Amino acid sequence: MEIGGLLGALYSTAAHAVAGCRRRVRAAAVLIIATAASATCDADIAVAGDRLTIRTSNIRVVMRGGEIVEITNRVTGEHVATGQGRIAPLTAALRVGDRATGLRYDGWRTAHEDEARRQAAQTVLRDGSTTVWLNVSVDEETQDVVIASWGESLDAGLRGLQLGIRNLDLTRGRLMVPTHDGYEHSLASKEQARSFSYPREWTAQMLVWQAPEGGVVIYSRDDESRFKALSLTRRSERLDLALQTEAEAPWAKQTSVPHVEWRLNAYKGDWRVPAQGYRALLAHLRPRSAPTEAQLWVGQIQSVVTVSAASSKGDLELLAGKRPPARTLLYLPSWGVGSAPDRRLTDREAALIGEAHDLGFYVMLPVRVAHAHADWNGLGPLSQYRVRGATGGDPKNGEGEWIPMSGCASRWRASVVRGLREAFMGAAPDALLLLDACDVWNDNAGRVEGRTPTEGQTMLVRDVQRAFPNMALASNGINELIWPNIRIARRPIEEERHASSLTAALFGQTLLWFGP
């Protein structure tokens, strides 16, 4: 497999505007696979009527109004998306009440941006109260087509912006999204619509369109990890995508959506090519913590076996005769008494952990770090940190006994760490499975202690790891926010299907996977 043109320097330098201001973000230049001969940089941006055509060494993109309607992989010559007449635009302002308001297109204008006088094109989209700015340019170093958007409204209730990508041809390729369940959409897929939320089930800010000879990668370098969503809609043999950027909650008071860039590039080979590039970007933006000496055992584990708290020492000895203990992780799914985050091991559970360690096994226990039990005595004083959805309701539509809490709140993080320390003052496991580490919501409280919910969730996982440096952290699924501190992940799908997923390609080599 090889990367066409200058995509070998994929994910290096970006310049972007935030609310009209420019700032530079430098990422490490990563050489993935060099081509035999360097392609010339022949980027070009041209306007013809309501069509904007952007051409780089690798890719040709056509926008009509404010959305993408045609994509061609210039490395392989494959047509990815081809226009088919005029249909209602997807690019829109999103308002509270699930309303997507159509925007009037103001015409494309070419210009030169920044001191380097790079060629670019701009347009303004409007409805009665909302103005959206689009800036399209070419990153000369990576040959990415860069589409930047941001918006403001005179009226409160703005919840996001949506960029449309039309006409992906399912007779010529398939969509791959890095989700917990390894999502793909092909011509054979039955569903007509699907949505994913980042950073919950959508684990990384990228997606791939794979065709027979090559493909197209769509990704964001958003180092603030703003909430995003991906929606797809099927039209016979065509697939339409809507890339959504969410405004910070509370939406009822919101009048602006921050600047976000989406980037497109093309490659030759299979989907592992862009996965390798994004993995390099991820390692730069979110450096992975080095394992402590006490965590190195994770690398030798060959199997994860679920055991009951009722298991006897004889049961463990029998298991030791079938599986080498030093290469086996025992998972005890039900343990303890009390209300999280304040729980205690029972005497039998503590004894079981000790017996397992005596035989050479490793032990993992599940914990919740982003939720408090409704019966927890400490909930009252911390009720102000209960997470609400972006419009004020329960973000999970109620799970009864479990109350979502803000990882931004230092008092909540301290309560989690204190509860775990007291739970494991005697016998202690070797690994903690964080059941809810991927549960992060656009909190109606807005920023708490000056931090966004995604920043808070990152700090929550980091604080648990710092408090227990000798324990390995595991998670139910994975996302790029928590990945730097996670050593083990539970997958919801079978190993064979997981192995061929984009999520496995992005994170797989750094994690011990088990499940379902």
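All of these numbers come straight from a predicted model, not from anything done at the bench. (Residues numbered from 1 in each chain as written. Predicted model: local features only at pLDDT ≥ 70, side-chain atom pairs only at ≥ 80, totals over all residues. Heavy atoms only, no water.)

### Details of the overall build of the protein
Stated formally: Under the DSSP-based scheme used, a helix requires at least four consecutive residues in state H or I and a strand at least two consecutive residues in state E, with every element numbered from the N terminus. The contact definition used throughout considers only heavy atoms, calling two residues in contact when any of these lie within 4.5 Å. Exposure was quantified through the Shrake-Rupley algorithm and a 1.4 Å probe, taking into account, for residues, occlusion by the shown protein chains and nothing else.
Within the protein, the secondary structure is distributed over seven helices and 34 strands. Taking contacts inside the protein between residues at least 6 apart in sequence as the whole, the part at least 24 apart equals 70%. Carbon together with sulfur atoms contributes 48% to the accessible area of the protein, which is approximately 20400 Å² in total.

### Quick word on the pattern of salt bridges
Basically, it comes down to this: When a carboxyl oxygen of Asp or Glu is within 4 Å of a side-chain nitrogen of Lys or Arg, the pair counts as a salt bridge. Only protein chains enter the accessibility calculation, which uses a 1.4 Å probe; a residue whose area is less than 20% of its type maximum is buried, one above 50% is exposed, and one in between is partly exposed.
Evaluated as defined, the whole model comprises 25 salt bridges. We note a salt bridge from E355 to R348, for which the minimum N-O separation is 3.3 Å. We classify E355 as buried; its relative accessible area is 18%. On the basis of relative accessible area, R348 is assigned to the partly exposed category, the value being 31%. Across the pair E449 and R451 runs a salt bridge whose closest N-O atoms are separated by 3.6 Å. On the basis of relative accessible area, E449 is assigned to the partly exposed category, the value being 39%. Bridged by salt links that share partners, the residues E67, R166, R235 and D240 form one connected network.

### What about helix α4 (residues 410-423)?
Which entries qualify depends on this criterion: A helix's residues, less one, multiplied by 1.5 Å, set its expected span.
For α4, spanning 14 residues, the distance from its first C-alpha to its last is 20 Å, which sits close to the expected 20 Å at 1.5 Å a residue. Taken residue by residue, α4 has W412, R413, S415, V416, V417, G419, L420 and A423 as its buried positions. Buried residues along α4 sit in contact with β27 (342-344), β28 (362-367), β29 (371-373), β31 (431-434) and α5 (453-467).

### Things to note about the pairing of strand β32 (residues 472-476)
We count it as follows: Throughout, right-handed denotes a crossover for which the path from the first strand over the helix to the second runs clockwise when the strands point away from the viewer.
Across the five residues that make up β32, a large majority, four, are buried. Taking the sense of rotation as the criterion, the β-α-β connection linking β31, α5 and β32 turns out right-handed.

### Side note on the sheet that holds β31
To keep things clear, this is the line we draw: One bridge is not enough; two strands pair if DSSP finds at least two bridges between them. Only C-alpha atoms enter the line fits that serve as axes; for helices the fit covers just the stretch in contact. Angles between N-to-C directions range over 0 to 180 degrees.
Taken in spatial order, the seven strands line up as β24-β25-β28-β31-β32-β33-β34 in an open sheet, and their pairing is parallel. A single partner strand is all that each edge strand has here, and the edge strands are β24 (303-306) and β34 (512-514). Each adjacent strand pair in this sheet contributes to an overall mean axis angle of 25°, direction not counted. Pairing of β31 with β32 involves four bridges; the strand directions are parallel. Paired with L432 across the strands is L473, a residue of β32.

### What to know about the nonpolar core
Operational definition: We call a set of buried Ala, Val, Leu, Ile, Met, Phe, Trp, Tyr and Cys residues a nonpolar core when their side-chain atoms join them within 4.5 Å.
Of all hydrophobic cores here, the largest spans 120 residues; its most connected members are M63 and I71. Looking at this core element by element, the count peaks at six residues for strand β23 (residues 256-268). If near-sequence neighbours (up to four positions away) are discounted, M63 is found in contact with D50, R51, L52, I54, I68, V69, W108, V136, I147 and L163. Core analysis: the next-biggest nonpolar cluster, separate from the first, contains 14 residues, V298, M364, I488 and F514 among them.

### Let's talk about the side chain of Q254
Tracing the backbone shows Q254 in the loop between β22 (238-246) and β23. Setting aside chain neighbours within four positions, we find Q254 in contact with D155, A156, G157, L158, A247 and E248.

### Overview of the side chain of S339
Summarising the element assignment, S339 is placed in strand β26 (residues 337-339). A relative accessible area of 18% means that S339 is categorised as buried. Contacts of S339, omitting those with residues within four sequence positions, involve H373, D375 and W376.

### Some details on the packing of aromatic side chains
The cut-off we apply is this: In this analysis, rings of Phe, Tyr and Trp, with Trp reduced to its six-membered ring, are considered paired at centre separations within 6.5 Å, and the interplanar angle assigns stacked below 30 degrees, edge-to-face beyond 60, and tilted for intermediate values.
Taken as a whole, this structure holds ten aromatic pairs when the rule is applied. On the basis of an interplanar angle of 0° and a centroid distance of 6.3 Å, the ring pair of W202 and W262 is categorised as stacked. Residue W202 is located in the loop between β18 (193-198) and β19 (206-210), and its partner W262 is located in strand β23; the two are separated by 60 residues in the primary sequence. In this structure W202 comes out as buried when scored by relative accessible area, which is 1%. Its relative accessible area of 2% is what places W262 among the buried residues. Centre to centre, the rings of W335 and F424 are 5.5 Å apart; their planes meet at 40°, and the pair counts as tilted. You can see W335 sitting in the loop between β25 (328-331) and β26 and its partner F424 sitting in the loop between α4 and β31, a full 89 residues away along the chain. F424 carries the same exposure label as W335, and that label is buried. Through a chain of ring-to-ring contacts, three or more aromatic side chains come together here, namely Y198, W202 and W262.

### So, the environment of S137
Within the secondary structure, S137 is located in strand β13 (residues 130-139). Those residues in contact with S137 that lie beyond four places of it in its chain are I45, E113, Q119, A120, D144, V145 and V146.

### Concerning the packing of α4 against α5
Operational definition: Handedness of a crossing is defined here by the sense of rotation of the near helix relative to the far one, left-handed for an anticlockwise turn of less than a right angle and right-handed for a clockwise turn. Polarity classes work like this: nonpolar for Ala, Val, Leu, Ile, Met, Phe, Trp, Tyr, Cys and Pro, charged for Asp, Glu, Lys and Arg, and polar for all others, with Gly in that last group.
It is at 10 Å that the axes of α4 and α5 come closest, and there the two elements cross at 30°. Of the two elements, α4 crosses α5, and the hand of that crossing is right-handed. Contacts between α4 and α5 pair W412, R413, V416, V417, L420 and R421 from the former with M459, L460, D463, V464 and A467 from the latter. In terms of residue class, the contact of α4 with α5 is built from eight nonpolar, no polar and three charged.

### Considerations on the confidence of the model for the protein
Operational definition: Each residue carries a pLDDT score, the predictor's confidence in it, ranging from 0 to 100.
Taken residue by residue, the protein gives an average pLDDT of 89. The fraction at 70 or more is 90%. Contacts from residues 1-39, a stretch scored under 50 in pLDDT, to residues over four places away or in other chains number 117 contacts.

### Thoughts on the environment of T110
For T110, the location among the structural elements is in strand β11 (residues 109-113). Accessibility expressed as a relative area gives 45% for T110, which makes it partly exposed. For the pair formed by T110 and A46, sequence separation is 64 residues and the distance between their alpha carbons is 7.5 Å. Residue contacts for T110: discarding those within four places in its chain leaves I45, V47, A120 and A121.

### Some points on the packing of helix α2 (residues 313-320) against helix α3 (residues 347-359)
Cut-off, in case you're wondering: In this scheme, roughly parallel covers angles under 35 degrees and roughly antiparallel covers those over 145, while 65 to 115 is roughly perpendicular and the rest are oblique.
Between α2 and α3, the least distance of the axes is 10 Å, while the angle of their chain directions is 30°. Considered as vectors, α2 and α3 are oriented roughly parallel to each other. The hand of the α2/α3 crossing is right-handed. Where α2 abuts α3, its residues K313, L316 and E317 lie against R348, L352, E355, A356 and L359. By residue class, the composition of the contact of α2 with α3 is four nonpolar, no polar and four charged.

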